Amino acid sequence: MPWPALSECYRFVDWSWYQNKGPAGLYRPFDVARFCAEHPEFDGAVLRFVWPNGAVDKHYAHYYDGWMAENKIVMGYGWPNPTKSAVSVVQDWKRALGERIPKVIWGDWEEASTFEGKTKGQLTSHMRALYDAKKTYLQDVVHGEYSRAGWLDQRIEALAEIRAYLWWLAHWIYPPPDFKDQAEQINELDVLLPIDNNFTPYRGKVILIPVEKVKGWQGSSRGKIVPRGTSDMGYMLRSFVDPIYNGGTPPPPAPEKAIVEVKATVTQGNAEIVYG
């Protein structure tokens, strides 16, 4: 079964503090309105809100407000931390999110420093516990998981409950060592859809994930679409997004214009005329 055609997908970009490195190591957030004006082809963004150690992504609030103001689809992603309890991780997530809670949140499962030395069983157990904690302490949110195909098969056990999760998967068109040949603009990815293989949107079958549970595909990590650095680019299925967002989340209404009453008195001869 090939990945659905482009007409069945929304285009997404991934943003975080990481992409914003400027001169002398300074990090400055991008202007979201300007980006959207220059790149109207993107329908939404997945924003990182927390680091593996539980620290807040410094630019999350700026980007969340900016993308919401542009009436775009906003999702979030956070790093799990298997050195902490699942409940502690979710409490870190809640503090990082504050009042800016997107309708869809992905757990980012891939190589991270906190995963070093953990066995397949330990990582699988933590994934299950964290999923349950997210459903308990972050309600009214659609929860899914993100990773790379090969990483999952090597490090996560194919348990029935994990196979039932929703997944956003990264499998870039040109794997290492050909990173330099990855798509750099979203239109370069567009021409590759649909990918006609027998299972998934990526090249290579994943034993763990049923195809019907794949709701998004990250197709490149080399998008040259931002002023500094690169961004990941990919797609989310409309059939997944539309029931959740009803075609997009509208921005908050603009403040009503204040009505100021002004009166002026003008004397003409012996008469006074009042205007206003």
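Attention here is on the structure that accompanies the text. (Residues numbered from 1 in each chain as written. Predicted model: local features only at pLDDT ≥ 70, side-chain atom pairs only at ≥ 80, totals over all residues. Heavy atoms only, no water.)

### Describing helix H8 (residues 238–245)
- Among the residues of H8, those classed as buried are Phe240, Val241 and Tyr245. Along the axis of H8, the buried positions cluster into a sector of 95 degrees, meaning they face one direction only. Turned more than 90 degrees away from the buried face of H8 sit Ser239 and Pro243, all of them exposed.
- Buried residues belonging to H8 abut strand E1 (9–15), strand E3 (73–78), strand E4 (104–109), strand E5 (142–148), strand E7 (214–223) and strand E8 (231–237).
- At the C-terminal side of H8, asparagine 246 shows a positive phi close to 55 degrees. (Buried < 20%, exposed > 50% of the residue type's maximum accessible area, 1.4 Å probe, protein only. Helix = DSSP H or I, 4+ residues; strand = E, 2+ residues; numbered from the N terminus. Arc of directions from axis to C-beta. Contact = heavy atoms within 4.5 Å.)

### Some points on the nonpolar core
- One finds Trp15, Phe35, Leu47, Trp67, Met75 and Trp106 to be the most contacted residues of the largest nonpolar core, which totals 74 residues.
- With six residues, helix H3 (residues 86–97) is the largest single contributor of residues to this core. (Core = buried A, V, L, I, M, F, W, Y, C linked by side-chain atoms within 4.5 Å.)

### As for the pattern of salt bridges
- Within the structure shown, the criterion is met by ten salt bridges.
- Here lysine 84 makes a salt bridge to aspartate 92, at a shortest N to O gap of 2.6 Å.
- Residue classification places lysine 84 among the partly exposed positions, given a relative accessible area of 29%.
- The shortest N-O distance in the salt bridge between aspartate 92 and arginine 95 comes to 2.3 Å. Here arginine 95 and aspartate 92 lie together in helix H3, a separation of three residues that amounts to about one turn.
- You can call aspartate 92 buried: its relative accessible area is 9%.
- Take arginine 95: its relative accessible area is 58%, and that puts it in the exposed class. (Salt bridge = Lys/Arg side-chain N within 4 Å of Asp/Glu carboxyl O.)

### Quick word on the packing of aromatic side chains
- This model, assessed by the stated rule, comprises 18 aromatic pairs.
- Aromatic side chains phenylalanine 49 and tyrosine 60 sit 5.9 Å apart centroid to centroid with 65 degrees between the ring planes, which places their arrangement in the edge-to-face category. With phenylalanine 49 in strand E2 (residues 44–50) and tyrosine 60 in helix H2 (residues 60–69), this residue pair connects regions lying eleven residues apart in the sequence. The two residues phenylalanine 49 and tyrosine 60 agree in class, both being buried.
- With centroids separated by 5.9 Å and ring planes inclined at 50 degrees, the aromatic side chains of tryptophan 106 and phenylalanine 240 adopt a geometry described as tilted. Note that tryptophan 106 is positioned in strand E4 and phenylalanine 240 in helix H8, a separation of 134 residues in sequence. With respect to burial, tryptophan 106 and phenylalanine 240 carry one shared label: buried.
- Among the aromatic residues, those joined into a cluster by ring pairs are Trp15, Phe30, Phe35, Phe42, Tyr63 and Trp67.
- The ring of tyrosine 10 carries the charged tip of arginine 238 above its face, separated from the ring centre by 4.1 Å. (Phe/Tyr/Trp six-rings, centres within 6.5 Å; stacked < 30°, edge-to-face > 60°. Lys NZ or Arg CZ within 6 Å of the ring centre and 35° of its normal.)

### Some thoughts on the environment of methionine 127
- Secondary-structure assignment places methionine 127 in helix H4 (residues 120–137).
- For the pair formed by methionine 127 and glutamate 145, sequence separation is 18 residues and the distance between their alpha carbons is 9.1 Å.
- Contact partners of methionine 127, with chain neighbours within four places excluded, come to Trp109, Ile156, Ile162, Tyr165 and Trp167.

Remember, this is a structural readout, not a statement about activity or role.
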